[in-house]
Amino acid sequence: MPLARPPRRRLAAAVTTVLAVTLGASALTAPAHAVPVASGVLTATPATTTADPIPYPVNGRLMGAGVSGFLTAAPDNTLTWRRYADGSGQTYAYHATLRSTRTTDYLVRRETNKITQTNLSTNDSMGVFVGAATTDGAKYVGSAADAVFTTVVTETGTVLRKHSRAVPSATVTGLPSDAISVEVTPATPEHAKVGFLQGSVAKWALIDLATGTVGDIRERTFGFEAVSDTHTAWAVGEATDRPPQVFVADLATGAVQEVPVAQVPSSGYFHVALVGDWVVYGQMGGMSFSQPSVHVPLTAYNFVTKKSVKLLDHAWGLAPAPDGSLYARGGIIGQGEGLYRVADTGGETPGVEKVATTGEPTELVVTNVAVPPAVLDLDTNDGFTFRWSLSREMGNATVTVRHVRTGKTQTSTPCCGTTEAVFGWQDNNWDEEVHNGDFTWEIVARPDNGIGPDAVSKGTFKVVRKTAPHDFNDNGTPDLLTRDSAGRLWRTDLFYRPINEQAGVHEGEPKALLGSGWNIYDRIEATGDLGGSPAGDILAREKTGVLWLYPGNGVGSFGTRVKVGTGWQIYDRIAVGSDLTNDGRPDAVATDRSGGLWLYPGTGNANAPFGARKQIGTGWGVYNELAAVGNIAGGTAGDLVARDKDGVLWQYLGKGDGTFAPRTRIGAGWNAFGALIGSGDTDGDGRPDLIGIGAAYYSSTLYKGTGDWKAAFRPAEATYLEPVTSSDLVF
């Protein structure tokens, strides 16, 4: 969460004038190194980590750092004091501030008419009465080290008093009598910092805690924000539309340096601290930002060596410690969130040590995933909804799901300001069905605040379905094969779009040319899996009666043809694909020119796909089209439909022994179609369907199977397939 800046008055517009008056015009000349920090910034030596960092409360605000421990505030403002040594401590249900000498830590609590200072080592307390509990109307104005400060207004003006165990009440000398709005805060273990108004001018000075005297008084446009024994540092302009400026000044000589800071505007929350010869600065609360800021990294600048060093990737808050070190609640990529101690070691970079941890990563990471199992059966699952949980809010993400064999990719860009990315895979696919086989998935989530690298997670899964008889490219949907007048063989992938104004059968992936020279055949039939492989095959008959099997390769085409029979010129109709013998293999039926119907049971052997033929009927010469449609009636075996020369379509229900029940009439008018294709499951409802190929230049029609022999097909449904020509053979 962004942290509010400590109350302080910014007189950015007046800083140049005031410095010129105070220090002389020459002191304002920008040094050669005062340029935007765009490159050449060192990174601090990798932070060390204590052997077993103590816990730091998640969402705890850093309120102070002392000699033996640190103080945090929960979102409900409950305070907790924790010792560096073991993390033990105490919780306080009231507001208080931490103050420290070089040896002892104190908790200062403001109550009604009383200020209580508690020694955190001994639990001894000192009380200082204020307001109505006093005769002089003493007002509490702050605390530092082991002292509490009050003011009273006398006839001569404002009097500042210091209260401690050693001296219960002593007057602080050197404060102007007309000072108002007095506030005392810690500066160094030996000094307090007093800020006040004199007239309308904001001023400040150091109080020597040993002598109780106010030192040199300066206007607040010079220093005040951070003070060490020798220097003061401050920032101006950070909450304006101008780039922030950071200055450091020598308290003894008044010499001022401008710290090189990136010259882009900041949105505020800019804090400055001093650690030895280092000015530490940065924009607090960057982890909660919705966009990157160059001022978010906590940076140190050495005003002696003129080197800049990145300390932390971000910080929520800073707390100077009485030993001159600095504690920062923040994080480092790869080391995580927690409390870090920054100290001047005299080396090229400050020392950075992680002393407490929240257990959270600083970088954006994927913390939990819901992804497909190793094998995803799309016959029983309608796609899959991916979910990734993230350690914090992302800006946006790119999800990529890729089919390994084809390289076909689906992408999504979940957005924004959320800790969960969701991708409904296949639900948003409106062009073609996904293929069976191996897939990879990857998510790349980008941090909205720019802190850390992208979060990347990836994995694999495999899609499977039952073999579909008319599916040649292994994507679970039927394909149609077409031989054109030039003898070229084409494959058309079908895709059923379930909703919108064009619901129905569409062409899926681009039409594929499979080969040429197919006009040597006078009959071609899609057969389903005749050869025992997972892919559908086709039979092609030469005019001389030689029958060839083309085994499907599962990737949309066919392997080398295999000669599987001769003498097939005696048949005028052939239909293959229905399992008529109930053995799990597709069978063939053929009608000879005398009307005899013959069964060729499938063997599953690509080299000899049929067993000995068996006559199972006569009188079939009345039919001009047969289609093996699979099990459309809900019975135990595959079925057959036959169209007579008058255009009436008849249903023959398989009994499972290679024969059929008596025929039943489906309907008339079917002579409007050329070929009838038993396409298998076209609409994804698990039941086989029938496609009537339109006459030349007319649309084709889908008849969805019902699974009920009494009404085998639903009403006709238009398709969005390219019309055929009079010379096209579709199968």
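Residues numbered from 1 in each chain as written. Predicted model: local features only at pLDDT ≥ 70, side-chain atom pairs only at ≥ 80, totals over all residues. Heavy atoms only, no water.

(A) Just the overall build of the protein, in detail. Of regular secondary structure, the protein possesses one helix and 59 strands. For the protein, whose C-alpha radius of gyration is 42 Å, the value lies well above the compact-globule estimate of 27 Å for 731 residues. Referenced to the eigenvectors of the C-alpha coordinate spread, the extents of the protein come out at roughly 135 × 50 × 45 Å. For the protein, with 731 residues in total, the buried portion stands at 51%. If you take every contact in the protein between residues at least 6 apart in sequence, the share linking residues at least 24 apart comes to 46%. As presented, the protein carries roughly 31000 Å² of accessible surface, and 51% of it is formed by carbon and sulfur atoms. Between the averaged position of the 61 positive side-chain charges in the protein and that of its 74 negative side-chain charges there is a distance of 1 Å. (Helix = DSSP H or I, 4+ residues; strand = E, 2+ residues; numbered from the N terminus. Rg over C-alpha atoms; globule rule 2.2 N^0.38 Å. Buried < 20%, exposed > 50% of the residue type's maximum accessible area, 1.4 Å probe, protein only. Contact = heavy atoms within 4.5 Å. Areas by Shrake-Rupley, 256 points an atom, 1.4 Å probe, with all protein chains shown as cover. Lys, Arg positive; Asp, Glu negative; His and termini not counted. Charge placed at Lys NZ, Arg CZ, Asp CG, Glu CD.)

(B) Layout of the domain arrangement of the protein. Domain annotation of the protein identifies domain 1 (95-219), domain 2 (221-361), domain 3 (366-464) and domain 4 (479-730). Using C-alpha coordinates to define each centre, domain 3 is positioned 38 Å away from domain 4. Counting residues at the interface gives eight residues for domain 3 and 10 residues for domain 4. For the pairing of domain 3 and domain 4, the buried interface totals around 700 Å² over both sides, and the portion due to carbon and sulfur atoms is 53%. Our count for the contact surface shared by domain 3 and domain 4 stands at one salt bridge. (Domains from an automatic or database assignment. Buried area = accessible area lost by both parts, 1.4 Å probe. Salt bridge = Lys/Arg side-chain N within 4 Å of Asp/Glu carboxyl O.)

(C) Molecular detail of the sheet that holds strand S50 (residues 614-617). As summarised here, the arrangement of the four strands in space is S47-S48-S49-S50, forming an open sheet in which the pairing is antiparallel. In this open sheet, the two strands that pair with only one neighbour each are strand S47 (571-576) and S50. When strand polarity is set aside, the average angle formed by the axes of neighbouring strands in this sheet is 30 degrees. The pairing of strand S48 (residues 588-592) with strand S49 (residues 597-600) spans four bridges and is classified as antiparallel. Within S49, the position partnered with Thr591 by the bridge is Leu597. (Pairing = 2+ DSSP bridges. Axes fitted to C-alpha atoms, helices over the stretch in contact; angles between N-to-C directions.)

(D) How the structure looks around the environment of Gly127. Assignment of secondary structure puts Gly127 in strand S10 (residues 125-129). For Gly127 and Lys203, which are 76 residues apart along the polypeptide, the C-alpha to C-alpha distance reads 29 Å. With sequence-adjacent residues up to four places away left out, Gly127 is seen in contact with Lys114 and Ile115.

(E) Summary view of the packing of aromatic side chains. Tallied over the entire structure, the rule returns 34 aromatic pairs. Measuring from ring centre to ring centre gives 6.1 Å for Tyr623 and Tyr652, while their planes differ by 90 degrees; the resulting arrangement is edge-to-face. On the criterion of sequence distance, the pair formed by Tyr623 in strand S51 (residues 623-630) and Tyr652 in strand S53 (residues 649-652) is long-range, its members being 29 residues apart. Taken as a pair, Tyr623 and Tyr652 share a single burial class, namely buried. Positioned above the aromatic ring of Trp598 is the side chain of Arg613, whose terminal nitrogen or guanidinium carbon lies 3.6 Å from the ring centre. (Phe/Tyr/Trp six-rings, centres within 6.5 Å; stacked < 30°, edge-to-face > 60°. Lys NZ or Arg CZ within 6 Å of the ring centre and 35° of its normal.)

(F) Representation of the nonpolar core within the structure. Phe386, Trp388, Val401, Trp425 and Phe461 are the most contacted members of the largest nonpolar core, which totals 21 residues. Listed by contribution, the elements that provide at least two residues to this core are strand S34 (384-403), strand S36 (415-425), strand S37 (437-447) and strand S38 (455-464). Residue contributions to this core peak at seven residues, all from S34. Those residues in contact with Trp388 that lie beyond four places of it in its chain are Val366, Asn368, Val369, Val371, Val399, Thr419, Glu420, Ala421, Phe423, Trp441 and Ile443. (Core = buried A, V, L, I, M, F, W, Y, C linked by side-chain atoms within 4.5 Å.)

(G) Structural detail: the side chain of Asn449. When you line up the elements, Asn449 lands in the loop between S37 and S38. Sequence-distant contacts of Asn449, that is, excluding residues within four places in its chain, are made with Gly286, Met287, Phe289, Gln291, Pro292, Ser293 and Arg392.

(H) Up close: the sheet that holds strand S9 (residues 114-119). Spatial ordering of the open sheet is given by S7-S8-S9-S10, a layout of four strands whose pairing is antiparallel. Strands at the two margins of the open sheet, each flanked by one partner only, are strand S7 (96-100) and S10. When strand polarity is set aside, the average angle formed by the axes of neighbouring strands in this sheet is 20 degrees. Where strand S8 (residues 105-111) lies against S9, six bridges are found, and the strand directions are antiparallel. Counterpart to Tyr106 in the pairing with S9 is Asn119.

(I) The arrangement of the state of the cysteines in detail. For the structure on display, the rule yields one disulfide. What pairs with Cys415 in a disulfide is Cys416, and their sulfur atoms sit 1.1 Å apart. (Disulfide = S-S within 2.5 Å.)

(J) Representation of the pairing of strand S4 (residues 69-73) in the model. Counted residue by residue, S4 has five buried out of five residues, so it is predominantly covered. Of the two faces of S4, both are covered, the one formed by Gly69, Leu71 and Ala73 as well as the one formed by Phe70 and Thr72. As judged from the four bridges shared by strand S3 (residues 61-65) and S4, these two strands associate in the antiparallel manner. Counterpart to Arg61 in the pairing with S4 is Ala73. Here S4 runs beside strand S5 (residues 79-83); their pairing, made up of five bridges, is antiparallel.

(K) Seen up close, unusual backbone geometry. Cis peptide bonds are those with omega within 30 degrees of zero, and the linkage from Cys415 to Cys416 qualifies with -20 degrees. Phi angles above zero are rare outside glycine, and Asn582 is one such case at about 60 degrees. Judged by its relative accessible area of 46%, Asn582 falls in the partly exposed class.

(L) A look at the environment of Lys310. Within the element layout of this structure, Lys310 appears in strand S27 (residues 308-312). Exposure remark for Lys310: the relative accessible area of 26% places this residue in the partly exposed category. In this structure the side chain of Lys310 is engaged in a polar contact, spanning 2.8 Å, whose partner is the side chain of Asp313. (Polar contact = N/O pair within 3.5 Å; in protein donor to acceptor, adjacent residues only side chain to side chain.)

(M) Expanded view of the confidence of the model for the protein. Mean pLDDT over the protein works out to 89, with 92% of the residues at or above the 70 mark. Segment residues 1-40: pLDDT under 50, and 71 contacts once partners within four positions in sequence are set aside and those in other chains are kept. (pLDDT = per-residue confidence, 0-100.)

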